[in-house]
Amino acid sequence: MAISELDLPTGVIAHSSADAQRQAELLADGVAKALAYAVQTHGVASLVVSGGRSPVAFFEELSRRELPWSRVQVGLADERWVPPSDPASNEGLVRRHLLRNAAAEAQLFGLYRPADALEDAARLADQALLEFTRPIDVLVLGMGNDGHTASLFPGNANLAHALRHDCPERCLPMHAPAAPECRITLTYPLLASARMQCLAIQGTDKLETMRAALNADAQQMPIRAFLHSPLEIYWCP
């Protein structure tokens, strides 16, 4: 099965690569070009990325692209409620694999905040995002086999609110079905405001998830909310 076999919505662009390394290179090239244009046009650029194991090769490729990184803000689509020193931290992952080489001068906006409760931490992160350049210039999402993206999980009590087009919060507390379950996620209006939106997926199982999502609603499979133009899907077997 190939991504060309999917009946994607009009305006959604699909990029197919032979392997994960080539996918990382192509995605890094596209993201770097958009960030350079944003800096040239607006004086500053914003990039929001997702965590997990899959983006590591992309992060390392992008870290070697020559850009005015001191004028690039890097944010996270979501975060586990653990400190950056924790192996599960998305902020820690970005610091290890992206904020190095040429990209060492980029400014990182993490979502983790120490607090008495997850809801309090989310409110603190929401306030901190007032300093983040919006609309987002480049967004790079991933997708789970259950159709979640960022930490927008099916069945979560906060999901319907987070997916509202007029959701007033920039981020919300969320609970994942697997540990560590406490999460903070950016909400749909902030994510969907991105000028360039990318989805990076690997494997035929993710294509089956995509096929299912195209025939579902966003409450069942939250990635469905993003499957429209402007979106570029980067896929490899």
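Parameters at a glance
- Throughout, a residue's number is its position along its own chain's written sequence, starting from 1.
- Given that this is a predicted model, residues contribute local features only at a pLDDT of at least 70 and side-chain atom pairs are listed and counted only at 80 or more, while totals for whole chains, interfaces and linings are drawn from all residues.
- The basis for every side-chain value is the complete set of heavy atoms in the structure, and neither hydrogens nor water enter the calculation.
- UniProt positions are given in the numbering used here, feature names are shortened, and annotations may be inferred rather than shown by experiment.
- Here, nonpolar core means buried Ala, Val, Leu, Ile, Met, Phe, Trp, Tyr and Cys residues that are tied together by side-chain atoms lying within 4.5 Å of each other.
- For every residue, the accessible area (1.4 Å probe, protein chains only) is compared with the maximum for its type, and the residue is labelled buried under 20%, exposed over 50%, or partly exposed between those bounds.
- To qualify as a helix, a DSSP run of H or I must reach at least 4 residues; to qualify as a strand, a run of E must reach at least 2; elements of each kind are numbered from the N terminus.
- The criterion used for residue contact is that any of the two residues' heavy atoms lie within 4.5 Å.
- It is the directions from the helix axis to the C-beta atoms whose arc is reported.
- DSSP bridges decide pairing: two strands pair if at least two such bridges lie between them.
- Axis definition: a line fitted to C-alpha atoms, limited for helices to the stretch in contact. Angles are taken between N-to-C directions and run from 0 to 180 degrees.
- To sort the angles, those under 35 degrees are grouped as roughly parallel, those over 145 as roughly antiparallel, those from 65 to 115 as roughly perpendicular, and the leftovers as oblique.
- Think of it as three bins: nonpolar holds Ala, Val, Leu, Ile, Met, Phe, Trp, Tyr, Cys and Pro, charged holds Asp, Glu, Lys and Arg, and polar takes everything else, Gly as well.

- An unreviewed UniProt entry annotates the chain as 6-phosphogluconolactonase of Stutzerimonas stutzeri.
- What UniProt states about the chain under its Catalytic activity (unreviewed entry) heading is, verbatim, "6-phospho-D-glucono-1,5-lactone + H2O = 6-phospho-D-gluconate + H(+)".

**Structural notes on the nonpolar core**
Working step 1: Grouped together as the largest cluster of nonpolar side chains are 84 residues, with contacts concentrated most on Leu47, Phe58, Val74 and Leu199.
Working step 2: With nine residues, helix α1 (residues 20-42) is the largest single contributor of residues to this core.
Working step 3: Not counting chain neighbours up to four residues away, the residues in contact with Val74 comprise Leu47, Val49, Val94, Leu98, Leu99, Ala106, Gln107, Leu108, Phe109 and Phe132.

**A word on helix α4 (residues 118-128)**
Working step 1: Three or more residues of α4 are buried, namely Leu118, Ala121, Ala122, Ala125 and Asp126. Buried residues along α4 cover an arc of 140 degrees about the axis, so they all sit on one side.
Working step 2: Where α4 is buried, its residues contact β7 (171-175) and β8 (182-186).

**Digging into the sheet that holds β8**
One key point about sheets: their strands pair by backbone hydrogen bonds, in either a parallel or an antiparallel sense.
Working step 1: Taken together, three strands build an open sheet; the order of strands is β4-β8-β7 and the sheet is antiparallel. The sheet is open, and its two edges are formed by β4 (78-80) and β7, each paired on a single side. Averaged over all adjacent pairs, the angle separating strand axes in this sheet is 25 degrees, with direction ignored.
Working step 2: Note: β4 against β8, three bridges, orientation antiparallel.

**Quick look at the sheet that holds strand β9 (residues 196-202)**
Working step 1: As summarised here, the arrangement of the seven strands in space is β1-β10-β9-β6-β2-β3-β5, forming an open sheet in which the pairing is parallel. On the outer flanks of this sheet lie β1 (12-16) and β5 (107-109), each paired with one strand and no other. Neighbour to neighbour, the strand axes of the sheet diverge by 20 degrees on average, direction disregarded.

**Some points on the environment of Ala225**
Working step 1: Mapped onto the fold, Ala225 is located in the loop between α7 (204-214) and β10 (231-236).
Working step 2: Residues Ala225 and Thr149 lie 76 residues apart in sequence; the distance between their C-alpha atoms is 9.8 Å.
Working step 3: Discounting chain neighbours no more than four positions away, the residues touching Ala225 are Leu163, Tyr188 and Ala218.

**Comments concerning the packing of helix α2 (residues 56-63) against helix α3 (residues 90-97)**
Working step 1: The contact between α2 and α3 brings their axes to 9 Å, and the two run at 45 degrees. Taken together, α2 and α3 sit at an angle that is classed as oblique. Contacts between α2 and α3 involve Val56, Phe59, Glu60 and Ser63 on the former and, on the latter, Leu93, Val94 and His97.
Working step 2: Of the residues belonging to the contact of α2 with α3, the class tally is four nonpolar, two polar and one charged.

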